[in-house]
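# Inside the fold
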Amino acid sequence: MIEKMSLYFTGEKQESLLFITVGILSIAVAAWLFIQSHRLKSMAFPLVTIALIQLIVGGSVYFRTDNQLSTLAKQSIEAPNQFKAEESKRMEVVMKNFAIYKWIEISLIFIGGGLILLIKNSDWAVGIGAGLVLQSAFMLCLDMFAEARGQDYLEILNKF
């Protein structure tokens, strides 16, 4: 069990590094857009807003994962029934949250696409739309990987 749990949390930690990296890159791109006074500099607003989420979520997952894995590994040995009950319950909440995240991300992709298509004569609308589409699509892709990883882990927990 500990090996499979470790694989799950290693994936979470690796993905959190992607969140952090993309968050930093998004802020850099946003700064460049403003420094250059690029006509699509409004893209910086969704880039930075979602980058802050990426940095917060990515950082919190990255820095808590080792301790969380250590605690859970110990609990799985010392109190396996309690471990299974509590970790299964936690993961069910995590999995339900992925459904919410996907709806938000898909909605933001559609809003961004709508801004691009419907207000294409406005650099501000196109910039905001492009930023929403880029960041939301990235988040959706990573959340789909995380959801699949979480589903595998939950199945392992249920068999424990």
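Analysis parameters
- Residues numbered from 1 in each chain as written.
- Predicted model: local features only at pLDDT ≥ 70, side-chain atom pairs only at ≥ 80, totals over all residues.
- Heavy atoms only, no water.
- Helix = DSSP H or I, 4+ residues; strand = E, 2+ residues; numbered from the N terminus.
- Expected span 1.5 Å × (residues − 1).
- Bend = angle between axes of the 7 residues up to and from the residue.
- Phe/Tyr/Trp six-rings, centres within 6.5 Å; stacked < 30°, edge-to-face > 60°.
- Buried < 20%, exposed > 50% of the residue type's maximum accessible area, 1.4 Å probe, protein only.

## Some words on helix α2 (residues 44-78)
Spanning 35 residues, α2 covers 50 Å between terminal C-alpha atoms, matching the ideal 51 Å at 1.5 Å per step. Maximal helix bending in α2 amounts to about 45°, located at Thr65.

## Describing the environment of Ile106
Structurally, the position occupied by Ile106 is in helix α3 (residues 80-118). Spatially, the C-alpha atoms of Ile106 and Gln36 are 30 Å apart, while their sequence positions differ by 70 residues.

## Remarks on the packing of aromatic side chains
Under the definition given, this model contains 9 aromatic pairs. Ring centres 5.9 Å apart and planes at 85° place the aromatic pair Phe34 and Phe45 in the edge-to-face group. Here Phe34 is found in helix α1 (residues 2-35), whereas its partner Phe45 is found in helix α2, with 11 residues between them in sequence. What makes Phe45 partly exposed here is its relative accessible area of 42%. When the ring of Phe45 is compared with that of Trp124, the centres are 5.7 Å apart and the planes differ by 25°; the resulting orientation is stacked. Linking Phe45 in helix α2 with Trp124 in helix α4 (residues 123-159), this pair joins segments that are 79 residues apart in sequence.

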